[in-house]
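Now for the letters of each chain:
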There are 2 protein chains.
Amino acid sequence: MIDQNTPADALCAFVAGLRYEQLPVPVVERCEELFLDWIASALAAKGMHPLPQFEAFAHAMGPAGGPAEVLASRGRTSPYFAAWVNAASSHLVEQDDLHNSSVLHPATVVFPAALAAAQDVGASGAEFIAACVAGYEAGIRIGEFLGRSHYRIFHTTATVGTLAAAVAAGHVLKLSPEQMRNAIGSAGTQAAGLWEFLRDAADSKQLHTAHAAASGLAAAYLARGGVSAARRILDGEKGMAAGMSSDADPARLGDRLGSRWALLETSFKFHASCRHTHPAADALQAVMQREGLAHGDIESVLTRVHKGAIDVLGVVDVPTTVHQAKFSMGTVLGLLAVHGDAGLESFRDHALSDPAVAAFRDKVGMTLDDEVDAAYPKRWLGRVEVRTRSGACFQGAIDDPKGDPGNTLSRAELADKARRLAAFSGAASPAEIDALIGRVWQLRTAPRIGALLPSS
Amino acid sequence: MIDQNTPADALCAFVAGLRYEQLPVPVVERCEELFLDWIASALAAKGMHPLPQFEAFAHAMGPAGGPAEVLASRGRTSPYFAAWVNAASSHLVEQDDLHNSSVLHPATVVFPAALAAAQDVGASGAEFIAACVAGYEAGIRIGEFLGRSHYRIFHTTATVGTLAAAVAAGHVLKLSPEQMRNAIGSAGTQAAGLWEFLRDAADSKQLHTAHAAASGLAAAYLARGGVSAARRILDGEKGMAAGMSSDADPARLGDRLGSRWALLETSFKFHASCRHTHPAADALQAVMQREGLAHGDIESVLTRVHKGAIDVLGVVDVPTTVHQAKFSMGTVLGLLAVHGDAGLESFRDHALSDPAVAAFRDKVGMTLDDEVDAAYPKRWLGRVEVRTRSGACFQGAIDDPKGDPGNTLSRAELADKARRLAAFSGAASPAEIDALIGRVWQLRTAPRIGALLPSS
């Protein structure tokens, strides 16, 4: 048994014991919405580099069939490799969700692991939802615990994602509290992922989520099989915080368990870019609409941002790939200013090739803003200063970027986004995605998760 | 192409370009010896917890057949899962090799990855040897680069092992210099493994090597497939040293490439325990022999050790498992004092159950010694102070523990160790292990690696 002397103990006991019946209806509904949004992100990446390389590796190293579904390719394989490929897939087009204060993208690590395990053991929709909520609640609190110093070097979705995936898969597997602690321990000691790849526009972001989901799932299955692990992997003397953080706050691990539902704080992405660009993007759009400005009227845009935005976006100067363009503040603002849209098609068609977007990009600057930085990561404030060719200067400010909990997307908007993402890659027909949307909105009643799409 | 402006660049270019023809004969011979020693370690773990759990997971998640061999169980599967299981297996009985100044166990991560890839592509013995040497040379220098601060929290064999495995597998796959850099980048961003498990006698040490070998192999295959990665994963601003070390020394990465063969500095393990116990163990044996002492004559033993020994061994008080007993200085010295031997059988039969060993254990202390610590990690000095019941005090000192390069094991001794390890678990018959020894001593001439043991 686990004593509850520490916040880490309390978190472990909470997630191991969490039952569907405890969940408030809005949590269940939001979980379904996040799941649909995740499926759409996974489908949108079909055929996009480096996903075919990941699929080829899984095909070479995994079994040719199995209980678990690979969404983009509609193949079936073992839970391990299904989690691995689906996680890579769902973090590729930068349309998956984000939790602000943990700076964690929970969906891309929680759902692939939980789905693969659920398809393996034949879990019900309600069991799947409870497991995913457990993964969100654990992952978000662990991300908050490791803090800003961790995120400065480590890709939290990769590191913490391993633990979130382990908790979700472990919950599907109905691990005991002691087994859950072992799953968390085996996950934490496999947690990895460094931001260094970003300056090279390299393919590691997908490897990070693949690694997190699969290693987390492995941790859960190994725990079920009797493999033990460190009891204090989070806060022990030689644990994650000791090795990978300088501002860890253990109290965050036990923050209002069972009364605060962190899953509800998760943001949906409206623009198809790094979330750090969204507050300024929305603020710029607000100014342009309010003042009736066209992109040609604008001389310069100064975005006032938090430090994390500079850390992540500051390494990108002139983007060389569409994926890297999603981390270029100037490109994102340029797409919105010139084309009124920063969705997947805009990025594909204009981000690298449109001279007007490139010209606008060079007008955009970033500067650290103390007020914005103090609010971060709890709130992601958007502040821009727009100077026009005629010499005017306008301030733009938004406090809740579109998709944030205070400005969330409706089920109709999410369904529309899912249709657009599926159509973008052609991974599912309109009829297929409509049928799937209908099923996900009723997920809680499904006796079994089953296959999401017909086999190819 | 890779410029050679930095030591990291030079290391990458060196390992990508390394050819068998460059290798001095002693390096080739020692590589064969290390390979046999590794095979024996993998075989010795057959049936020992948690290996069956690892085998069951690989069986559930991997294909039921394939080009690569699982040594202990004689199954065949994909290269990924063969590397995963063989790496777990070979680090379990604590008989695998160690490189002193990097505090890296290279064999348990390099050989599983290289063997699986070699069996996949049909590499020759000479190609396999060159790839393994590349893995050793890279891994050892990266371990030295990350330094003592890294090892204080991170299990270097787990973290650096991922890169060593990637280099070895990548060399087998004949990666270009640019692909090799991507393999190193994808490996470094998956590198993980914390010492926290040790106090709980948990099963993570095997998970660490499994994870390292398999993730490193994956990095190599993904690089061959065209997946890119960070160019400066070792020394970049958000790379491994930035996140996981406070005393990294980049110059170590390029240290005498092509003239210093770090593989030759690797130690074989004579005792079946953590290498940190060996210097004191040998020093105690020397005193007891010199002074004609029996264990009953001894009142107390004070071992004078380096800081790393206290970090790793200091968490174990009264061992509760045979594996944990390998990290108990008092138990190791007790086995030697009482039974004259700290081999696998001694540990199995006496480490936990013999009251005389337990009594001796409680007489053993550890203290930090400045001279020993200053020499570490380059040299692992053994210093003990033995007080007898009759009031005498004797000093024991050895400078090269048995198995160290200055006191290495002969081919006859290594063959004998391999026979003992195979017999311990029954994983291979005497005739099978003799045939295998003969083949390994001629490995350089083998046209193909092929299967090491007949299928079950």
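The rules behind each value
Residues numbered from 1 in each chain as written. Chains lettered and ligands numbered in written order. Predicted model: local features only at pLDDT ≥ 70, side-chain atom pairs only at ≥ 80, totals over all residues. Heavy atoms only, no water. Helix = DSSP H or I, 4+ residues; strand = E, 2+ residues; numbered from the N terminus. Rg over C-alpha atoms; globule rule 2.2 N^0.38 Å. Contact = heavy atoms within 4.5 Å. Areas by Shrake-Rupley, 256 points an atom, 1.4 Å probe, with all protein chains shown as cover. Lys, Arg positive; Asp, Glu negative; His and termini not counted. Charge placed at Lys NZ, Arg CZ, Asp CG, Glu CD. Domains from an automatic or database assignment. Buried area = accessible area lost by both parts, 1.4 Å probe. Least-squares fit on C-alpha atoms with pLDDT ≥ 70 in both. Salt bridge = Lys/Arg side-chain N within 4 Å of Asp/Glu carboxyl O. Buried < 20%, exposed > 50% of the residue type's maximum accessible area, 1.4 Å probe, protein only. Pairing = 2+ DSSP bridges. Axes fitted to C-alpha atoms, helices over the stretch in contact; angles between N-to-C directions. Polar contact = N/O pair within 3.5 Å; in protein donor to acceptor, adjacent residues only side chain to side chain. Nonpolar A, V, L, I, M, F, W, Y, C, P; charged D, E, K, R; others polar. Core = buried A, V, L, I, M, F, W, Y, C linked by side-chain atoms within 4.5 Å. Parallel < 35°, antiparallel > 145°, perpendicular 65-115°, else oblique. Left-handed = near helix turned anticlockwise from the far one by under 90°.

1. Looking at the overall build of chain A
Inference 1: Each helix and strand counted, chain A has 19 helices and 8 strands in total.
Inference 2: For 456 residues, the compact-globule estimate of 2.2 N^0.38 gives 23 Å, and the C-alpha radius of gyration of chain A, at 21 Å, lies within 12% of that figure.
Inference 3: Referenced to the eigenvectors of the C-alpha coordinate spread, the extents of chain A come out at roughly 70 × 50 × 40 Å.
Inference 4: Taking all contacts inside chain A whose residues are at least 6 apart in sequence as the whole, residues at least 24 apart take part in 77%.
Inference 5: Looking at chain A as shown, the accessible area adds up to about 13,800 Å², and 51% of this sits on carbon and sulfur atoms.
Inference 6: Looking at charge distribution, chain A has the averaged site of its 41 positive side-chain charges lying 2 Å from that of its 49 negative ones.

2. Overview of the domain arrangement of chain A
Residue and element names in this part refer to chain A.
Inference 1: You can read the domains of chain A as domain 1 (7-269 + 424-445) and domain 2 (275-402).
Inference 2: Computed over C-alpha atoms, the centres of domain 1 and domain 2 are 30 Å apart.
Inference 3: Listed by partner, the interface residues are 23 residues for domain 1 and 22 residues for domain 2.
Inference 4: Summing the contributions of domain 1 and of domain 2, the shared interface buries around 2,000 Å²; its carbon and sulfur component is 64%.

3. Quick notes on the relation of the copies chain B and chain A
Between the two chain copies there is a screw-like relation: a rotation about an axis and a shift along it.
Inference 1: Least-squares fitting of chain B to chain A yields an RMSD of 0.0 Å, with the transformation described by 0.0 Å of translation along the axis and a rotation of 180 degrees. Taken together, these values place the two copies in the relation of a two-fold axis. Closest approach to the rotation axis within chain B is made by the C-alpha atom of Pro63(B), at a distance of 2.1 Å.
Inference 2: A high fraction, 100%, of the interface residues of chain B reappear at the interface in chain A, so the copies pair face to face through one surface.

4. As for the pattern of salt bridges
Between side chains of opposite charge, pairing is possible as soon as their charged atoms come close.
Residues and elements named next belong to chain A.
Inference 1: One pass over the full model with this rule turns up 70 salt bridges over all chains.
Inference 2: In this structure, the salt-bridge partner of Arg232 is Asp235, at a minimum N-O distance of 3.0 Å.
Inference 3: Using a relative accessible area of 24% as the deciding quantity, one classes Arg232 as partly exposed.
Inference 4: For Asp235, a relative accessible area of 26% corresponds to the partly exposed category.
Inference 5: Residues joined in a network through salt bridges with shared partners are Glu144, Arg252, Asp255, Arg256, Arg260 and Glu265.

5. A closer look at the sheet that holds strand 5 (residues 298-305) of chain A
All names here are of chain A.
Inference 1: Sheet architecture is open: 4 strands sit in the order 6-5-7-8, paired in mixed fashion. Of all the strands in the sheet, just strand 6 (364-368) and strand 8 (393-398) have a single pairing partner and so form its edges. Adjacent strand axes in the sheet meet at a mean angle of 20 degrees, parallel and antiparallel pairs treated alike.
Inference 2: Across 6 bridges, strand 5 lies against strand 7 (residues 382-388) in antiparallel orientation. Residue pairing in the sheet places Ile298 in a bridge with Thr388 of strand 7.

6. Some words on the interface of chain B and chain A
Inference 1: Each partner contributes to the interface: chain B provides 60 residues, whereas chain A provides 60 residues.
Inference 2: With both chains or domains summed, chain B and chain A bury close to 4,500 Å², and 64% of this area falls on carbon and sulfur atoms.
Inference 3: On the chain B side of the contact with chain A, Met61(B), Glu196(B) and Lys238(B) bury the most area, a combined 17% of that side's loss.
Inference 4: Counting the contacts that link chain B with chain A gives 0 salt bridges.
Inference 5: In this assembly, chain B and chain A are joined by 21 residue pairs in polar contact (both at pLDDT 80 or more).
Inference 6: Contributing elements (two or more residues each) for the side of chain B that touches chain A: helix 3 (51-61), helix 4 (79-90), helix 6 (125-153), helix 8 (177-188), helix 9 (204-225) and helix 10 (240-244) of chain B.
Inference 7: Counting residues per element, the side of chain B that touches chain A draws most heavily on helix 9 of chain B, which supplies 10 residues.
Inference 8: Its residues assigned to classes, the side of chain B that touches chain A comprises 31 nonpolar, 19 polar and 10 charged.

7. A short note on the nonpolar core
Inference 1: One finds Trp84(A) and Trp84(B) to be the most contacted residues of the largest nonpolar core, which totals 338 residues.
Inference 2: Excluding residues within four positions of it along the chain, Trp84(A) makes contact with Phe54(A), Phe57(A), Ala58(A), Leu207(A), Ala210(A), His211(A), Ala214(A) and Leu222(B).

8. Points about the pairing of strand 7 of chain A
Residue and element names in this part refer to chain A.
Inference 1: The buried count for strand 7 comes to 6 of 7 residues, which makes it a mostly enclosed element.
Inference 2: In this structure, strand 7 lies alongside strand 8, joined through 6 bridges in antiparallel fashion. The residue of strand 8 that forms the bridge with Gly382 is Ile398.
Inference 3: Between strand 7 and the antiparallel strand that follows it, strand 8, lie 4 residues; Gly391 among them carries a positive phi value of about 95 degrees.

9. Details of the packing of helix 1 (residues 7-17) of chain A against helix 6 (residues 125-153) of chain A
All names here are of chain A.
Inference 1: The interhelical angle for the contact between helix 1 and helix 6, taken along N-to-C directions, is 165 degrees, at an axis separation of 9 Å. By the criterion of interaxial angle, the relationship of helix 1 to helix 6 is roughly antiparallel. Remark: the crossing between helix 1 and helix 6 carries left-handed chirality. Judged by residue contacts, Leu11, Phe14 and Val15 of helix 1 engage Ala134, Glu137, Ala138, Arg141 and Ile142 from helix 6.
Inference 2: When grouped by side-chain class, the residues that make up the contact of helix 1 with helix 6 number 6 nonpolar, no polar and 2 charged.

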